[in-house]
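# Summary of structural features
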Amino acid sequence: MGSARERPARLAEKLLHIRNSLGLSQGDMLSRLGMDEKIYRFYISNYETGRREPTLLVLLEYARAANVHVEALIDDELDLPARLPAQSKSVGVRRASAPRSKSKKRSL
């Protein structure tokens with residue numbers, strides 16, 4: 001069958017950063033996402049440790065809670081803004097330590 005889909009290496013770190021920046025417990029984060037009827041609280045822990053990948057709809061709710069574009073969550077070359085939720089919708093901050101290689105092709 002097919003191979004596993006590539007995962008952003010920094011996604012778990014960013015999701016944990018969002019929850020901590022908002023000062024929420026895992027249960028509170030679940031409520032903030034509006035997902036307390038759809039997913040289990042232990043999923044939040046699994047997202048934050050990289051054991052489980054959130055659905056696109058869950059990622060969208062994380063992005064809304066932090067007031068960032070979803071791209072800021074999934075692009076490993078972007079950092080989240082220093083303050084969350086961001087004052088204005090943020091596309092993220094390009095990482096100075098990880099310049100993008102022009103010769104590297106991005107696959108879809």
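From a predicted model like this one, the values you see are computed outputs, not experimental measurements.

### Let's talk about the environment of Glu48
With respect to the helices, strands and loops of the structure, Glu48 is situated in helix H3 (residues 41–49). The class of Glu48 is buried, set by a relative accessible area of 10%. In this structure Glu48 touches Ala12, Leu15, Leu16, Arg19, Gln26 and Tyr62, once residues within four positions along its chain are discounted.

### With respect to the environment of Val70
Of note, Val70 is situated in helix H5 (residues 70–74). Its relative accessible area of 28% is what places Val70 among the partly exposed residues. Here the alpha-carbon distance between Val70 and Leu60, two residues 10 residues apart in the chain, equals 6.2 Å. Other than its neighbours up to four places away in sequence, Val70 contacts Leu59, Leu60 and Ala63.

### Considering the confidence of the model for the protein chain
Overall, the predicted model of the protein chain reaches an average pLDDT of 87, with 86% of residues at or above 70. Per-element mean pLDDT across the protein chain ranges from 82 in strand S2 (residues 93–94) up to 98 in helix H1 (residues 11–22). Here residues 101–108 is a poorly scored stretch, pLDDT under 50, and it has 2 contacts once near neighbours within four places are set aside; other chains count.

### Some remarks on the packing of H1 against H3
The angle between the axes and the distance between the axes are what describe a pair of packed helices. Contact geometry of H1 with H3 gives a least axis separation of 6 Å together with a crossing angle of 125°. With respect to their mutual orientation, H1 and H3 come out oblique. Residues Ala12, Leu15, Leu16 and Arg19 of H1 pack against Ile44, Tyr47, Glu48 and Thr49 of H3. Of the residues belonging to the contact of H1 with H3, the class tally is 5 nonpolar, 1 polar and 2 charged.

### Brief notes about the pattern of salt bridges
According to the stated counting rule, one finds 7 salt bridges in the structure shown. For Arg64, the salt bridge goes to Glu61, with nearest N and O atoms at 3.0 Å. Highlighted residues: Arg64 and Glu61, both in helix H4 (residues 56–66), separated by 3 residues, approximately one helical turn. Put simply, Asp79 and Arg95 hold a salt bridge, and the shortest N to O gap is 3.4 Å. Here the residue Asp79 occupies a position in strand S1 (residues 78–79), and Arg95 occupies one in the segment after S2, the gap between them amounting to 16 residues. On the basis of relative accessible area, Arg95 is assigned to the partly exposed category, the value being 24%.

### Considerations on the packing of aromatic side chains
Applying the stated criterion across every chain, the model contains 4 aromatic pairs. Their ring planes at 10° and their centres at 5.8 Å tell us that Tyr40 and Phe42 sit as a pair that is stacked. Neither Tyr40 nor Phe42 differs from the other in exposure class; each is exposed. Linked through ring pairs, Tyr40, Phe42, Tyr43 and Tyr47 together constitute an aromatic cluster. The positively charged end of Arg52 is found above the aromatic ring belonging to Tyr43, 3.7 Å away from the centroid.

About the cut-offs
- Here the residue numbers are simple positions, counted from 1 along each chain's written sequence.
- Under the rules for a predicted model, residues below a pLDDT of 70 receive no local features and side-chain atom pairs below 80 are neither given nor counted, while totals for whole chains, interfaces and linings still include all residues.
- In computing side-chain properties, one takes all heavy atoms of the structure into account and sets aside hydrogens as well as water.
- In this text, helices come from DSSP runs of H or I with a minimum length of four residues, and strands from runs of E with a minimum of two, each type numbered from the N-terminal end.
- Accessible area is worked out with a 1.4 Å probe on protein chains only. A residue is then buried under 20% of its type maximum, exposed over 50%, and partly exposed in between.
- For this analysis, residues touch if any pair of their heavy atoms sits within 4.5 Å.
- Note on scores: pLDDT gives the predictor's confidence for each residue, bounded by 0 and 100.
- For helices, the fitted axis covers only the stretch in contact; all axes are lines through C-alpha atoms, and the angles between them, taken along N-to-C directions, range from 0 to 180 degrees.
- Here the angle decides the label: under 35 degrees means roughly parallel, over 145 means roughly antiparallel, 65 to 115 means roughly perpendicular, and every other value means oblique.
- In this classification, Asp, Glu, Lys and Arg are treated as charged, Ala, Val, Leu, Ile, Met, Phe, Trp, Tyr, Cys and Pro as nonpolar, and every other residue, Gly included, as polar.
- In the sections that follow, a salt bridge refers to a side-chain nitrogen of Lys or Arg positioned within 4 Å of a carboxyl oxygen of Asp or Glu.
- In this analysis, rings of Phe, Tyr and Trp, with Trp reduced to its six-membered ring, are considered paired at centre separations within 6.5 Å, and the interplanar angle assigns stacked below 30 degrees, edge-to-face beyond 60, and tilted for intermediate values.
- Charge over a ring is defined by NZ of Lys or CZ of Arg lying within 6 Å of the ring centre and within 35 degrees of the ring normal.

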